[in-house]
Amino acid sequence: MRDGHPREVLQAVIHLRQISKNYGEKQVLRDITHSFAAGSATAFVGHNGCGKSTLLKVLAGLVTPTRGEVRHDRRLVIHYVPERFPATHLTAKQYLTHMGMIDGLPQDRLSEEIRKLAGEFHMEEHLRSKMTTLSKGTLQKVGVIQALLVTPDVLLLDEPLSGQDAEAQRVFTEKVNELRGRGVTLFMSCHEPELVAAVTEKSYTIEGGQLLPCREPARETYRILLCWEGESGARQQAQALLAETAGGKIQPYGNGYQIILPREECDRCLGMLLAQGWRLRGLHKV
């Protein structure tokens, strides 16, 4: 569930109608028709060059399809993080400040958000560095921070963890799941199956230009690590919800808790728990 509503009643917000995209004589996408629900989380997987990045750019409005139509049910705030972030001669902080101002953030709030996110991604020492001097992985962090400055309606991520260290991957997973809890619609091109399992609900591949659902494994079980970051007075009530949500399978783990859930229960439970003040610390396949 998300915001108290069953997932199946969520309305579609983005519609693809007979989308095809050619680059010269090569057809990358062919007659794709699909609708995506508001608040859904979708992964595009498959080999390099199959069309994942092209489809993300079509969804973002950055690439015009050769044929077909992309329709939105309402005006959307869309943030896109590319795999190869374009370097500029601005410093990372100058770039983030500029983009935050475009998104309409007040200066005091913008400075605080940049400081907080840079700290969480261990980026403080790079804020004053010119982006032309930063590594691919660090540029990716800049792109993710920029996308998180303002909560968008739609977030598109192209290979967001390529070149990232384990700590950055952990923070990224937490942040994306927080956005899912707020109803952000997520699209992600990804090669890492652990990330697909941690932050998305459905996965598709592109074969012969067609969008095809990936086969779900028979049954997968995941260990979810959580800690409490809500108001202390509501912790007991939240613990009761956690125990009920997990079917009573809850155990202390370090300074938090772990629950064991089948894959099909993870999506439903995570949104409820994050909304109650729990924070995701990790999700691992058992």
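Everything that follows concerns the structure shown earlier in this document.
Reference entry: report on the structure contained in this document. (Residues numbered from 1 in each chain as written. Predicted model: local features only at pLDDT ≥ 70, side-chain atom pairs only at ≥ 80, totals over all residues. Heavy atoms only, no water.)

## Regarding the layout of surface pockets
Roughly 300 Å³ of volume is contained in the second largest pocket. If you trace the second largest pocket, you find 15 residues lining it, with Q169, R170, T173, E194 and L283 closest to the centre. If you list the elements that add at least two residues to the lining of the second largest pocket, you get α5 (166–181), α6 (193–199) and β13 (278–285). When the residues that make up the lining of the second largest pocket are grouped by side-chain class, the tally is 6 nonpolar, 4 polar and 5 charged. (1 Å grid on protein atoms, 1.4 Å probe; cavity = no way out; pocket = protein on both sides within 12 Å on 5 of 7 lines; lining within 4 Å. Points joined across faces, edges and corners; volume = space filled by probe spheres on them. Helix = DSSP H or I, 4+ residues; strand = E, 2+ residues; numbered from the N terminus. Nonpolar A, V, L, I, M, F, W, Y, C, P; charged D, E, K, R; others polar.)

## Things to note about the sheet that holds strand β5 (residues 78–81)
The 6 strands lie next to each other as β5-β6-β7-β3-β8-β9, forming an open sheet whose pairing is mixed. A strand with exactly one partner marks an edge of an open sheet, and here the two such strands are β5 and β9 (210–213). Across the sheet, the mean angle separating the axes of adjacent strands is 20 degrees when strand polarity is ignored. Of the strand pairs in this sheet, strand β8 (residues 202–207) and β9 are connected by 4 bridges, and their pairing is antiparallel. Directly across from E207, in β9, lies its bridge partner Q210. Sheet contacts for helix α4 (residues 136–148): β5 and β6 (154–158); angle to β5, the most-contacted strand, approximately 170 degrees. (Pairing = 2+ DSSP bridges. Axes fitted to C-alpha atoms, helices over the stretch in contact; angles between N-to-C directions. Contact = heavy atoms within 4.5 Å.)

## Here's the deal with the packing of helix α2 (residues 92–102) against α4
Contact pair α2 / α4: the axes reach a minimum separation of 10 Å and the direction vectors enclose 25 degrees. Classed by the angle they form, the pair α2 and α4 counts as roughly parallel. The crossing of α2 and α4 is right-handed. Here α2 contributes A92, Y95, L96 and M99 to the contact with α4, which in turn contributes V142, I145 and Q146. Taken together, the residues of the contact of α2 with α4 break down into 6 nonpolar, 1 polar and no charged. (Parallel < 35°, antiparallel > 145°, perpendicular 65-115°, else oblique. Left-handed = near helix turned anticlockwise from the far one by under 90°.)

## Quick notes on the nonpolar core
Counting residues in each nonpolar core, the largest one holds 55 residues, and the members touching the most others are L96, F121, M131, V142, L157, F172 and I224. When near neighbours in sequence (up to four residues on either side) are disregarded, L96 contacts L110, I114, L127, V142, I145, Q146 and L149. With 24 residues, the next largest nonpolar core counts I14, V63, Y80 and V154 among its residues. (Core = buried A, V, L, I, M, F, W, Y, C linked by side-chain atoms within 4.5 Å. Buried < 20%, exposed > 50% of the residue type's maximum accessible area, 1.4 Å probe, protein only.)

## Overview of the pattern of salt bridges
With the rule as written, the count across this model stands at 10 salt bridges. Its salt-bridge partner being K175, residue E120 comes within 2.7 Å of it at the nearest N-O pair. Residue E120 is found in helix α3 (residues 107–120), and its partner K175 is found in helix α5; the two are separated by 55 residues along the sequence. Judged by relative accessible area, K175 falls into the buried class, the value being 9%. The shortest N-O distance in the salt bridge between E178 and K175 comes to 4.0 Å. Here E178 pairs with K175, and both are found in helix α5, just 3 residues apart, close to one helical turn. Residue classification places E178 among the partly exposed positions, given a relative accessible area of 22%. Taken together, the shared-partner salt bridges connect E120, E174, K175, E178 and R279 into one network. (Salt bridge = Lys/Arg side-chain N within 4 Å of Asp/Glu carboxyl O.)

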